Amino acid sequence: MASMSMSSREKRRKRKREPTPASNPTPASTPRWSSPIPSLPYDLVLLCVTRVSRLYYPTLSLVSKSFRSLVSSPELYKTRSLFGFTESCLYVCSESLGGSADWYTLCRKPDKTLKSGSSGYALARVPVPNSPSSVFRKVVAVGSNIYNIAMPTFLSVLPRVSILDCKSHSWIEAPSLPVELHSFSASVVDHKIYVAGFDHRLMKNSFEVFDTQTRVWDSFSSDKREERIKEKSVSIDGKFHVVTNEGVLAYDPKQGKWDMVVGGMCGLMCSDDYCVIGNVLYSVYEGVFKWYDTERRTWRDLQGLVGLPNITRRREFIRLGDYGGKMVVFWVHVIWTYYKKIWCAEISLERRPDTSEIWGKVEWFDELRKININFQVEKVLSTTL
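Just so we're clear, the structure is a prediction, and the values are computed from it rather than from any experiment.

### With respect to the sheet that holds strand β10 (residues 204-211)
Reading across from one edge, β8-β9-β10-β11 is the order of the four strands in this open sheet, with antiparallel pairing throughout. The outermost strands of the open sheet, each flanked by one partner alone, are β8 (184-189) and β11 (216-219). Neighbour-to-neighbour, the strand axes of the sheet open up by a mean angle of 25°, direction not taken into account. The pairing of β8 with strand β9 (residues 192-199) spans six bridges and is classified as antiparallel.

### A look at the pairing of strand β6 (residues 161-165)
The element β6 is largely enclosed, with a buried count of five among its five residues. Burial along β6 is two-sided: the face carrying V161, I163 and D165 and the face carrying S162 and L164 are both buried. Sheet analysis places strand β5 (residues 145-150) next to β6, joined by five bridges and oriented antiparallel. For N148, the partnering residue across the bridge sits in β6 and is S162. Taken together, the five bridges between β6 and strand β7 (residues 170-174) define a ladder with antiparallel strand orientation. By the bridge assignment for β7, L164 is matched with W171. Once β6 ends, the chain turns through four residues before running back antiparallel as β7, passing H169 with a positive phi of about 55°.

Calculation rules
All residue numbers refer to positions counted from 1 along the written sequence of the respective chain. It should be noted that, the model being predicted, local features are given only for residues of pLDDT at least 70 and side-chain atom pairs only at 80 or more, the latter also being counted only at that level, while totals for whole chains, interfaces and linings use all residues. Side-chain numbers here rest on the full set of heavy atoms in the structure, without hydrogens or water. Strand pairing is assigned whenever DSSP detects at least two bridges linking the two strands. Put simply, DSSP marks the helices as runs of H or I at least four residues long and the strands as runs of E at least two long, and each gets a number from the N terminus on. The angle between two axes is taken between their N-to-C directions and runs from 0 to 180 degrees, where each axis is a line fitted to C-alpha atoms and a helix contributes only its stretch in contact. For every residue, the accessible area (1.4 Å probe, protein chains only) is compared with the maximum for its type, and the residue is labelled buried under 20%, exposed over 50%, or partly exposed between those bounds.

Keep in mind that these numbers describe shape and distance, not what the molecule does.
Shown next as structure tokens:
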């Protein structure tokens, strides 16, 4: 009887060790994660995080692996879109002379870490694995994706196209540019990427367009333009503007025709610091913030900017970007031999009908991050997430 009793106890212990169907792990095919807060259901935590600004997601991802999985899950961004909580998210690409790239996103610091006079903003390093490297690159943003068109360093090689999914921070390969271009520019019109460059092999200009929805390349008419294409372009008034040796050409996709832009936009050739916000072209030229008046066809000074540090006269490295209708200005200060600090200012813009002027109001400016001296801020992009 004792031996039989012992056998029964052993059987009961074995049954306890065997996992029950309820305790089995969720199959990998099921898009469900454990709740970051065990005392609350996953769906409730999901709805709460949906209402949190994405500026706080880099901090949330540091709390635990569960939160890190949640803030990068497709389910979260579907819920944000469903409830109308999408917002503009700022990304900054910093590139070294060797071609390696670091990616950062604007975030909010935890309140307890804020110092007196701090704006509360910082640049958080984005963990982007297998980031494509190229000394020269063209990057543009469409929706929640960033498209990188890498210029090849060898002849007879098509420029690779990679897509950075800003929801999961992972790269996806896209069809390569179908033409062997080694110098070109890229801009976005109606969710399509227009590329203009010079084909050194055939010694002629080339114009290609990439549909971001179908992910298919196509050529568009060059209208027998002989002007040598430069590596600068912008999109204004639904037209693709390309800088050439002779001036600025504008391509209208709806009409399929080119026109020469007559007027002061040619000054765009003299500056590398420009962006388009609310269909208005802004630039920093000869130390002054300016905007291009398409009606008068001339550059005009941006008024206001009270409190903005005098950064333009120090020959600082400057980059401009569109951040949900506001202008962001990035510049750097070398602090010692090996490091430099990235500074940023956010400027709201107002067009005044009575004077036809545009005024800029400095919302905040602050030091955001320290980076290696060999890296430089190359591109400022705004995505919608």
